[in-house]
Amino acid sequence: MYSNECYKIFTRKSIYIVLFFVILTMYYGDLIYPGDMPMNEGVYEELHEAWGGPVTDEKIALAREEMGLSDSGEKASASFEDMAAAEVHFMVAIAGMNRDRLNERIENLSGELAHLSSGSYEYRVASKEWSMLQELNEPHGFFLIRAWRGMFDFIEPVSGVIFLSTLILLGLTPVFADEYTKRTADLILATKHGKRRIVSVKIMAAITYIFVLFILLHFVNLVFQWGKFGGFQGWNAPIQSLPGGLSIDLLYEQSPYGWEVWQFFILSFTIQFFACVAFGILVLFLSVVWKNSMIAFFISGALLGIPFMIQQIGLNRGAFQYVSSFNYSELMKAATLFEQFKVYNVLGYPILYPPLILGIFLVLTSVLTYLIYYRFRYQQVVN
Amino acid sequence: MTLLERFIQIVKRSTEEVSVVSKSYWITSMVLFLVGYFLTNYGAYNPLFTLVLLAPIPFIFGLLEVFKGREQGLLEMEMACKFSAHEIILARLFLVGMYNITLNSLLAVSFVPLVDSTTIWEMFLIWFTPFTIFAALALALSMRFRGTVFVTTFFSLWLIFIGLLLNHHAWTAHFFNANTVMYFLLMGVGMLLLAIQVRMLIRKYSTYEEGRTLEANY
Amino acid sequence: MRLTIENLSKEYKEKKAVCGFSGELTDGVYALLGPNGAGKTTLMRMLADILKPSSGRILYNGRDISLMGDDYRDILGYLPQEFGLYKNFTTERFLMYFASLKGLDKNQAKSRVNEVLALVNLTEERKRKTGTFSGGMKRRLGIAQALLNDPKILIVDEPTAGLDPKERIRFRNLLSEISGERIVLLSTHIVSDIEYIAKEILLLKEGELIQRNDVEGLLELMGGKVWKVTVTQEELGSLQKTFKVGNIHRKASGIELRIVSGDRPLPNATEVQPSLEDVYLYYFDEEAVGVV
C-alpha cells in the first residue's frame, strides 16, 4: 500500500518539470547577479589572520585609522588587495558599532529592571531579554562565513519558501483529490483498509515526498555553494556575524540567541522541515475537503501568500499583526524567527516567538491530521 | 482558402464561442485585475511588477475554457462537426487572448499616472514580452496535460518566476530596465514559440489519434 | 449515395486494429457486429474522418473523404461510443451550440433542434441542465446531436449501451424510420438490436471482415449447425470443452443445451432453427453471448 501511494506521487511528470526549473533558477538566480561577494580569495585568509575573531578596542581603533588614511587619499586603494583590506576594515568598524549597541542595550535593560516592579509583565520581558543578552559571548567581529550565508539563502528568503511550497502543492494536492476525479474513491472506501489505513499510508507517502524533496533541494544548494565558495569555513562563528544575504534587511546582528553558525543551521533546517510537513498536512486536508486538486492548490497557495501580501501593503497592524507573524511562510523561513528578541504575552508570561509559533503549528497540524481522518471516514459518497 | 480567410472565419466563429466560455471566467479575470489595480494604488507595489504578475493569468484560466471540450469528453464529437475541434479551439484561443490583452492594456493605461519614468509604450513591452513566452509555454503544457494538472503546473512555474523577481532585486532591475532591442528580441522569440505551438495544436486536434493523447502520469 | 471502402487498414504500434477492409455501403442500415477489440470503433472513426488510415481510402460518391474536408463533415452525423456533455448547458442550448458547429444558421437551427428533440423524446427536458441526465438520456441527447444536420451518413458507435429495453426499442425504430435516404452504420455486440432493422450485417473479427450478409443469408448459412440436446451434469463439462455451447437451461428432466456445431454433437441431438445469437457464437467463439 505504502509503495503504491509513493508511486502515485513520484510518477507525476509535472513535478519533474517544475523541479527542473527550480534547480535552474537556484543556479542562475545567484550566478548571473550574485547577491554578495564570495570572499574566498587568499587575501581574505591573510586579513582574517590579522583581523578575525571578536572585535577589541584595539582592532577598532586600528581599523578606523586605516579607513581614515584611505579616505584622506594618503593611501591609494586601487589594487584588489587594498579594496579587500578596506572592506574588512569597514566590517570591523561595523562590528564595533554593533558591540557598542549591544552593551548599550544591556545597560538600558538594567536601568529598566531597576524601575519596574518585579511581578509585572514588562519586568519579565526585560529580564528575559537581559539574561539572554548577558549570555552572549562576544558575538560581534570579523569572520569569514560567506559560504554559510549561501547555505541560509535557501532557508530565509522568500524564494526558498516559494520553491518548497510550490513543489509541495504540486505533488500533494492530487493525493486525495485525484481519487475523487478518477472516481476511485468509492472503490477505496468500500475496501477493508479503505477508511483508516489508507489515510495513514497516504500521509506517510506525502511525508516521504516532502523529505526527499527537502533533502534534494538542500543538497543541490549545498553543491552550488560549495562550487561558489570552495568550502564551509566559519562554521563555529557566532550567528550575529552572519551578513545580510540577498535582501539586505535580513541581519542577525541584534539577535539575542547565542549560537554558533552550525548549530543555528541545524536548528533552522529542522524547523523548515517541520514547516514543510505542516504545510503538506494543510494541503492534504484541503485536498480531502475540496476533492479537486486545482481548488486545493489555489486555496493553500492563498493561505501561504495572503499574509505576505498583508505585509507588503503595510496592513500589518492590529489583528493583522498576528496574521503576518503566525503563518506558514514565516514558519518556513525558519531562520528569520530568530532575527531579534520578540516575545508574546501568554497568560502574563513572555513567551519567545520561535517556540510559540512552533507550538501553535504543532497543535494546528495535529488537529488537521485528525480532521483528515475524520473527513475521509465519515464522508458520504456522492455522484 | 487563404490564411486570411481562415483567420476571418475563426474570428467569426469566436463570437459564437462567447456563450460556451463560462461567465465565472470573465468575472474572475476582471476581479483579479481590479484587485491588482487597487492593491497597487494603495500599497507599495511597483505597478510594472503588478502588470507582469497579472499578465498571463487570464490566459491560463482561459485555456481551461479553450480545452473544455477535451476535458469534458466532447472532442470526438466536435471533430466530426463542420467546424472541427481544432477550429473551435483556435476560435476560443483568439477570444481568450483578446480578452487578456484588453485587460492588460486597460490596467497599463490606468497605471500611467503612477509611473513617471516609463512611457506607456515601454510598459507595453515590459508586460507583453514575458506574456508571449509564458503563453507559448502554457500552450505547450496544456496540450500535454489534463486541465487541472496543466493549471497547477503552470502556476508553479509562474510562481518560481515571480519568486525570482521578488527576491533578486538585481534581476528585477535588469528586467525592468532592459534595452528596447532586448525586449523586441525576446518578444520575437516568444511570438515564434507561440506560432510553433499554435501550428502543433492545429495538427494535434485535427485527428483523433493525436488529439486524445495526454500524459497518463502527470 | 455510395460509400466505397478500399482496402482500409489501421496499424497502431502494438497491433493491427483494422486490416484490409473493403466494401461498399449504400442507403440503409448496416450493422457492425463483433466482440470487444475487433476494430469496430477504429473502423468507424476512420469512416467519420477523425482518424487517418494507415493505408487504403474511403470514397463518398467517388470522392476521397480525406480531401473533402468540411464538405464531408457537413453530411456526417457521428456519435462516439464514449462522450461527455457541457454539464452546465441546458439540453436546448447544447443542441443549439452543436447546430452552430455544424454550420446551421439560427432559424434553421431552432426548427431542427425542435425536430430532433421530438425524435429522441427529450422535448420535455429541453430546459434541463445536461449535468443532471441519466445514462440513457445522455445517450439520447448524443443521438439527437448526430442527427442535427440531417446527415447523409450517420455513424453511431454502440448507441444502445446504457439504454433500457423500452428506450432500445424506440431507438431501433427511430433508426429504421430515418434510414430511407441515408447510410446508417451502427456497431454493437448485442444482436437483438439489429436483428429486425439491419439491411446487412458486417462481422468483424480481429480487424478483418469475415462475413457480410443480410440476416436471412446469415441464418441460412447456419442451417444444420444448431442443435438442442438434453444431458446430465457429468456430460456437461466435456461437451463444453469440445463444442460451442449457447444456452444452458437447467430443467427437471436434465440440462438442456443449445450447441453450435457443424456435425451432430450427440446421437440424440435435434436440429433447431438458428438465430442471430448462434451466428455470433459460431463466428466469434465466445462462451457467453450478449444476454438480452
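Residues numbered from 1 in each chain as written. Chains lettered and ligands numbered in written order. Predicted model: local features only at pLDDT ≥ 70, side-chain atom pairs only at ≥ 80, totals over all residues.

Going by an unreviewed UniProt entry, chain C carries the name ABC-type multidrug transport system ATPase subunit and comes from Evansella vedderi. Quoted verbatim from the Sequence similarities (unreviewed entry) field of the UniProt record, the comment on chain C reads "Belongs to the ABC transporter superfamily." (UniProt positions renumbered as here; feature names shortened; annotations may be inferred.)

Caption draft 1: Seen up close, the overall build of chain C. Counting secondary structure elements, chain C contains 10 helices and 14 strands. Considered along the principal axes of its C-alpha atoms, chain C spans approximately 70 × 45 × 35 Å. When the 292 residues of chain C are sorted by exposure, 42% land in the buried category. A separation of at least 24 residues holds for 69% of the contacts in chain C among residues at least 6 apart in sequence. (Helix = DSSP H or I, 4+ residues; strand = E, 2+ residues; numbered from the N terminus. Buried ≥ 20, exposed ≤ 12 C-beta atoms within 10 Å, placed from the backbone. Contact = placed C-beta atoms within 7 Å.)

Caption draft 2: Quick look at the pairing of strand β13 (residues 254-260) of chain C. Residue and element names in this part refer to chain C. Both strand β11 (residues 226-231) and β13 contribute to a ladder of six bridges, which runs antiparallel. Its bridge partner being in β13, W227 is matched across the sheet by I259. Direction of pairing for strand β12 (residues 244-251) relative to β13: antiparallel, over a ladder of six bridges. Counted as the bridge partner of I248 is L257 from β13. Count of turn residues in the β12/β13 antiparallel hairpin: two residues. (Pairing = 2+ DSSP bridges.)

Caption draft 3: Representation of the nonpolar core. Counting 225 residues, the largest nonpolar core has L284(A), L51(B) and A31(C) as the members making the most contacts within it. Considering each element in turn, this core owes the most residues, 15 residues, to helix α12 (residues 261-290) of chain A. (Core = buried A, V, L, I, M, F, W, Y, C linked by C-beta atoms within 7 Å.)

Caption draft 4: Seen up close, the UniProt feature "domain: ABC transporter" (unreviewed entry) in chain C. UniProt's feature table lists "domain: ABC transporter" (unreviewed entry) at residues 3-231 of chain C, given in the numbering used throughout. Structurally, residues 3-231 of chain C is divided into 33% helix and 29% strand, and its ends, taken at the C-alpha atoms, are 49 Å apart.

Caption draft 5: Structural detail: the interface of chain C and chain B. The partner chain B presents 20 residues to the 25 residues of chain C that form the contact. Listing elements by their share of the side of chain C that touches chain B, those giving two or more residues are α3 (70-74), β6 (76-79) and α4 (91-101) of chain C. The leading source of residues in the side of chain C that touches chain B is α4(C), at four residues. Within the side of chain C that touches chain B, the residues separate by chemical class into 12 nonpolar, five polar and eight charged. (Nonpolar A, V, L, I, M, F, W, Y, C, P; charged D, E, K, R; others polar.)

Caption draft 6: Here's a closer look at the environment of I60(A). All names here are of chain A. In this fold, I60 is placed in helix α4 (residues 57-71). Look at I60 and you get partly exposed, because 18 C-beta atoms sit within 10 Å. In this structure, the C-alpha to C-alpha distance between I60 and L133, residues 73 residues apart in sequence, is 22 Å. Excluding its chain neighbours within four sequence positions, the residues that come into contact with I60 are V55, V92, A93 and G96.

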